[in-house]
Amino acid sequence: MSKMKAITFDYNNMMADYVGKQEGITDKEITSLKEETANAFAMVENGRGKKMMGWTELPYNQDEVVADIIDTARDIKKKFDSFVVLGIGGSALGPMAAFQALCHLRHNELPKSKRKAPKFYVEDNVDPERMKSLLDIIDVKKTMFNVITKSGSTSETMSQYLIIMDLLKARLGNEAKNHVIATTSETKGNLIKIAKQEGLKTYYIPDGVGGRFSELCPVGLLPAAVLGIDIKSLLKGARAMDKLCRKADVRKNPALMAATLQYIAITRKNKNISVMMPYADSLKLMADWYAQLWGESLGKAMNLNGNKVFVGQTPVKALGVTDQHSQVQLYTEGPFDKVVTLIAVENYRDVVTISKGCEDIPDVSFLCGHTMNELITAEMNATEYALTKAERLNNRIVLPEVNAYYLGQLMTFFMMQTAFTGAYLNIDTFNQPGVEEGKNATYALLGRAGYEEKAAELNSRKEKSARYTI
Ligand code: PA5
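Residues numbered from 1 in each chain as written. Predicted model: local features only at pLDDT ≥ 70, side-chain atom pairs only at ≥ 80, totals over all residues. Heavy atoms only, no water.

## A closer look at the packing of helix α18 (residues 433-445) against helix α19 (residues 452-459)
Orientation of α18 relative to α19, taken along the N-to-C sense of each, is 90 degrees, at an axis distance of 8 Å. Judged by the inter-axis angle, α18 sits roughly perpendicular to α19. Residues E437, N440, A441, A444 and L445 of α18 form the contact with α19, whose own contacting residues are K454, A455, E457 and L458. Broken down by class, the residue content of the contact of α18 with α19 amounts to five nonpolar, one polar and three charged. (Axes fitted to C-alpha atoms, helices over the stretch in contact; angles between N-to-C directions. Helix = DSSP H or I, 4+ residues; strand = E, 2+ residues; numbered from the N terminus. Parallel < 35°, antiparallel > 145°, perpendicular 65-115°, else oblique. Contact = heavy atoms within 4.5 Å. Nonpolar A, V, L, I, M, F, W, Y, C, P; charged D, E, K, R; others polar.)

Here you go:
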């Protein structure tokens, strides 16, 4: 593996030279944004490590906690058969994406001797059937639960915690506390209080790290280490990409260029949709992680001057080649409202050759002797060609291979691109008032003290009419 390589961002097909003058972006347009680009860059650069931008420092300031996590993970691997994350949103999507990217694609189905790590589950919903089904397949006596919530008060996560702790206490008594690790804010919320009362091992989510920017802190690092992922390499990759993202020259800074192109696409080309389409099953959940990062960070009603702007770009998750047989028809012939990002992998971790057969049927036998690697790559190139021919803005991110180092680069690239795009749009990239509203309404509906006013507001909402229900 050539460790020093970087992932690349190929934006040829965003440009008028390739996709045509009608839709494409010109070099002149990029250059004309010189001042706005400098401002967006400065806003991110000057904000590093401050307020809700504590995440920029994670690749550099965690030596101590990383050592602790590696020790703890070693212990967990020895003692437990299953590792279950209880969390939602930013407290779940990163661990899921890293698991999918860096572990065997059928990890949980592998025999223990091959798996070399506990089975892994992330419970990011409160569907009762799902909870019941989990309890049907795990042995709680051999399971470590990692409850993750920055705020320490999210209803979904705390309800899961209550169910699990009750079960553990009933089955294991005083031992229950040795089956739960809390990852939460050191200073805020209820989970930290509970963790202290119960004597739980605890990892902290730094104050300046919001959920969707938290994969590179203990939120993501502990589950990853338990799974045998090289978390030092993940952080090393993050540092390598971060270095590129600190270049002020937009033509040398991949995340700044990616943000600049999306900013132009959003504000001048009416591209309201960002499709994320990795050509690798291992990166399928990266598209889910990206969807939260992009959607929750950029979908904002107000700008920083307090004006209503209602900006954002709707993220759509897709998978190559699967979605070629589902969504690509829409991408090539539907409305001109999308930017499609393809994620390519140069070297898949396996090579599978298509077997010989059907020699008398040339329309099938042409496949023989090719590898599936060649086929998936040809299909991606073909889709890129079709999109470009149809004058659809598209770009490509290339990973030399999927490993911890390049995943660290990829996640950092997206986080930086999001931060730069938010800066261009002059919004608060790091808050989520729309999510908070729903959380507060849930508290009110379930009678949490302190939410009486919200409950009254909800109770006074207009009643639904039978007239509009069939
Ligand atoms: O990005 C965010 O901040 C949110 O999506 C949160 O991650 C999500 O709401 C869960 O919050 P918490 O970690 O506080 O339970």
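## Regarding the site of the ligand
Around the ligand sit 14 residues in total, of which S91, T149, S151, T154 and Q292 are the nearest. Between the ligand and the protein, one listed contact pairs an oxygen atom with a side-chain N or O atom of R212 at 3.1 Å. The contact in question runs from an oxygen atom of the ligand to an N or O atom on the side chain of Q292, over 2.6 Å. Burial of the ligand by the surrounding chains reaches 92%, relative to a free accessible area of 380 Å². According to the grid-proximity analysis, the pocket containing the ligand is the second largest pocket. A breakdown of the residues in the shell around the ligand according to their chemical character gives one nonpolar, nine polar and four charged. (Near = heavy atom within 4 Å. Polar contact = N/O pair within 3.5 Å; in protein donor to acceptor, adjacent residues only side chain to side chain. Areas by Shrake-Rupley, 256 points an atom, 1.4 Å probe, with all protein chains shown as cover. 1 Å grid on protein atoms, 1.4 Å probe; cavity = no way out; pocket = protein on both sides within 12 Å on 5 of 7 lines; lining within 4 Å. Sits in = over half its atoms within 2 Å of the grid points.)

## Side note on the layout of surface pockets
Each pocket or cavity is described by its volume, and for the largest pocket that value is around 920 Å³. Contributing to the lining of the largest pocket are 27 residues, with L105, D281, Y348, R349 and D350 lying nearest its centre. Broken down by element, the residue count for the lining of the largest pocket peaks at five residues, all from helix α16 (residues 372-389). When grouped by side-chain class, the residues that make up the lining of the largest pocket number 14 nonpolar, seven polar and six charged. Empty space within the second largest pocket amounts to approximately 650 Å³. Lining the second largest pocket are 29 residues, and of these K150, S151, Q432, E436 and K439 sit closest to its centre. Secondary structure elements with two or more residues in the lining of the second largest pocket: β4 (143-149), α8 (155-172), α13 (284-298) and α18. If you tally residues by element for the lining of the second largest pocket, the top one is α18, at five residues. Grouping the amino acids of the lining of the second largest pocket by side-chain chemistry returns six nonpolar, 15 polar and eight charged. (Points joined across faces, edges and corners; volume = space filled by probe spheres on them.)

## Notes on the packing of aromatic side chains
What describes a pair of aromatic rings is the distance from one ring centre to the other and the angle between the planes of the rings. One pass over the structure, following the stated rule, counts 15 aromatic pairs. Residues F9 and F413 carry aromatic rings whose centres are separated by 5.7 Å and whose planes lie at 45 degrees to one another, so their mutual orientation is tilted. Of this pair, F9 sits in strand β1 (residues 8-10) while F413 sits in helix α17 (residues 404-425); the two residues are 404 residues apart in sequence, bridging distant segments of the chain. Overall, the relative accessible area of 15% leaves F9 in the buried class. Judged by centre distance (6.1 Å) and plane angle (20 degrees), the rings of F41 and F420 are stacked. In this pair, F41 is assigned in helix α3 (residues 34-47) and F420 in helix α17, connecting sequence segments 379 residues apart. Of the residues examined, F41 reaches a relative accessible area of 10% and is grouped as buried. (Phe/Tyr/Trp six-rings, centres within 6.5 Å; stacked < 30°, edge-to-face > 60°. Buried < 20%, exposed > 50% of the residue type's maximum accessible area, 1.4 Å probe, protein only.)

## Notes on the sheet that holds strand β5 (residues 180-184)
With respect to topology, five strands assemble into an open sheet ordered β3-β2-β4-β5-β6, the strand pairing being parallel. Since the sheet does not close on itself, it has two edges, and those belong to β3 (119-123) and β6 (201-204), each with one partner. When the angles between neighbouring strand axes are averaged without regard to direction, this sheet yields 20 degrees. Bridging between strand β2 (residues 82-86) and β3 involves five bridges; their strand directions are parallel. Along β3, the bridge assignment pairs S82 with K119. (Pairing = 2+ DSSP bridges.)

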